[in-house]
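A closer look at the structure
If you want the building blocks of each chain, they are given just below.
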Amino acid sequence: MSHLHSKPRYFGFLPLLSLCLALFFSSTLQAQPSESSAAATSYLDQTQALKVALDTLWTLLAGFLVFFMNLGFAMVESGLCRAKNTVNILAKNFIVFACASLAFLALGWGLMFGNGNAFFGTEGLWFLSAPDNSPATGEDYRGAYSAISWAGIPLWAKFFFQLVFCGTAATIVSGAVAERIRFGSFLIFSFILCALIYPMAGHMIWGGGLLAKFGMLDFAGSTVVHSVGGWAALAGTLLLGPRLGKYNPDGSANAIPAHNMTSVCLGGLILWFGWFGFNPGSTMAADAPSIAHIAVTTNIAASAATLSATITAWLLLGKPDFSMIVNGTLAGLVAITAPCAFVSVPSSLIIGLIAGILVVFSVLLFDRLHIDDPVGALSVHLVNGIWGTLALGLWADPQVCPAASPAKKGLLCGGGFEQLGPQLLGIFVVALITFSLSSAAWFLIKWTYGLRVTREEEIEGLDLGEHDQAAYPDFQRTYIKSYHIREA
Amino acid sequence: MHMIEAIIRPHALDELKARLAQLGIPGCTAIEVKGFGKQKGHTERYRGQRMDVGFVPKVLIKIAVRTEDLDPTVNAIISAARTGKVGDGKIFVYPLQRVIRIRTGETDHTAL
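Residues numbered from 1 in each chain as written. Chains lettered and ligands numbered in written order. Predicted model: local features only at pLDDT ≥ 70, side-chain atom pairs only at ≥ 80, totals over all residues. Heavy atoms only, no water.

**Quick word on the pairing of strand 1 (residues 2-8) of chain B**
Residue and element names in this part refer to chain B. Stated formally: Only protein chains enter the area calculation, which uses a 1.4 Å probe; residues under 20% of their type maximum are buried, those over 50% are exposed, and those in between are partly exposed. Per the convention used, a helix needs a DSSP run of H or I reaching at least four residues, while a strand needs a run of E reaching at least two, with both numbered from the N terminus. DSSP-based pairing: two strands are paired if at least 2 bridges between them are found.
Burial runs high along strand 1: 6 of the 7 residues are buried. Alignment of strand 1 against strand 5 (residues 56-65), held across 7 bridges, turns out to be antiparallel. Bridging from a neighbouring strand, I8 pairs with V59 of strand 5. Relative to strand 6 (residues 89-95), strand 1 runs antiparallel, the two being bridged by 7 bridges. Residue pairing across strands places M3 opposite Y94, the latter belonging to strand 6.

In structure tokens, the structure reads:
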């Protein structure tokens, strides 16, 4: 069976080759040895060393949980799509972490946390090779990554934790573009997202850039991770177009049902579990009252959102749709990600309640707008990333736990617009920059390598078309569900 | 009365259902099958080895029709399923001896 791709296959090697050459030359030009960690901690007394050890242990363990979320994404996405595309979706979610790891190591970290200007870092860009005496903090810190010098853990612990966040942002994109994007296109975009786009947005908020100066807060990344992933996904979805047979000429939409709800359930719970590393871990310190508080706000928001989404779907659509239940949980988790340390437990309940209602309406709205999102990634991550960032400005209370102290009081806590203003600014700036950079990247890929698979391949399934493999090679009941493709 | 058996590509099902509805044909049965004819199948790859998967997924539709509906139905199937490429499928027509509706006991033409 011939594989009809829109552009020659060898085109794919060009961007990858250029990336490899760029990495090689930059690393040889700029590599300097950084201080060994033994030298960095030798001045500490026993209590201080113990604190560093505990903080590091906590941060890394939390990071391992976030890494595990990649499995959650893989299971949710492949379960919500058709069996004929399973291998392809699993492969995208699997490999994206590898792309993120290398891209963030090579350049992403430096752009995000290196000392620099309002938009990106300019020191210590390549391979974390600049001087840095972490775990020294505050006044004692000497190095190129001042923005994150508040964390009293070794540099590689900080890097690892931030890396898994970058990986999460990249894997969000794979859901919205599923079932019709070329594997290579996604790989190339992931490198660009992790090396350039995500770090720029991150630098503005966590790297001491423009939005940090204005006082915008985002504790664990509703904007930095989820909205960024969401905008990148939206840009990709718009350029790709909807799946074949999704929308009819008269404007109505067709259901393209999930093939494996077991997988969706498994993935949803893994993501919920992993979020207990995502949010509490962002203290990057074993700060007992804070991590306990954050774990609870995280869970309460998730639970409230699960229920509100279920009830909303039940009332609006007739029956409690399981995919909406899971989308509800994830929406609550995304929404609480920014405010988790800054809001009280009752506030987190309200935030979650609203998130669950929002996500159901958002899914319906995107279909109304003919923006095809097979897994609800835009509704969960983009819409609720924005909601979570806003909610911080509404309910922030610097008294709830030690980690909350940087916050100004939220609008609904008697604080006026002191915190809400920066949040609003941040939402717009990140939207503008992320969406435009992502669109540029997707355009570049579409123009050189190609973006979408051929019609024949999309009908036959990307497993065969992209990988020459089938996820379920045996006889099974998967093909009777309608294809909605009216002309043969 | 006749039984039409058609082996078609899976993605032609929707178009076929629409055309049957237009004709007023009340129902059909669809079975997932795998088969091959001139369309030999495809090759998959797994860890360095090639697999010749001789069978291609198809759908087998069975429709029981009155004699006067036979030609329109066959034409509807052809127009829904034809793509012009190898693998479009085949239609077989068998004579039907008896048809009974289980719920009411109606037979033959009143059961169709």
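Having seen it, we continue.
**Section: the pattern of salt bridges**
Residues and elements named next belong to chain A. Keep this limit in mind: Salt-bridge detection follows one rule: a side-chain nitrogen of Lys or Arg within 4 Å of a carboxyl oxygen of Asp or Glu.
In total, this model carries 10 salt bridges over all chains according to the counting rule given. With a shortest N-O distance of 2.8 Å, D372 and R243 are connected by a salt bridge. Here D372, found in the loop between helix 12 (345-368) and helix 13 (377-395), pairs with R243, found in the loop between helix 8 (222-240) and helix 9 (261-278); they are 129 residues apart in sequence, far enough to count as distant. Note that R452 and E458 form a salt bridge whose closest N and O atoms lie 2.9 Å from each other. Among the ionic contacts, a cluster of salt bridges with common partners joins R82, E179, R243 and D372.

**Quick notes on the pairing of strand 4 (residues 49-53) of chain B**
All names here are of chain B. Taking burial as the measure, the 5 residues of strand 4 include 0 buried ones, a minor fraction of the element. In this structure, strand 3 (residues 42-46) lies alongside strand 4, joined through 5 bridges in antiparallel fashion. Note on strand 4: the bridge partner recorded for H42 is V53. Between strand 3 and the antiparallel strand that follows it, strand 4, lie 2 residues; R47 among them carries a positive phi value of about 50 degrees.

**A look at unusual backbone geometry**
Cis geometry is adopted by the peptide bond preceding P135 of chain A, which originates at S134 of chain A and carries an omega value of 10 degrees. Structurally, P135 of chain A is set in the loop between helix 4 (86-113) and helix 5 (155-176). Not every positive phi belongs to a glycine, and M284 of chain A is a case in point at roughly 45 degrees. Residue M284 of chain A is classed as buried on the basis of its relative accessible area, which comes to 3%. The phi dihedral of D108 of chain B is positive, around 50 degrees, even though this residue is not glycine. Mapped onto the elements of the fold, D108 of chain B is located in the segment after strand 6.

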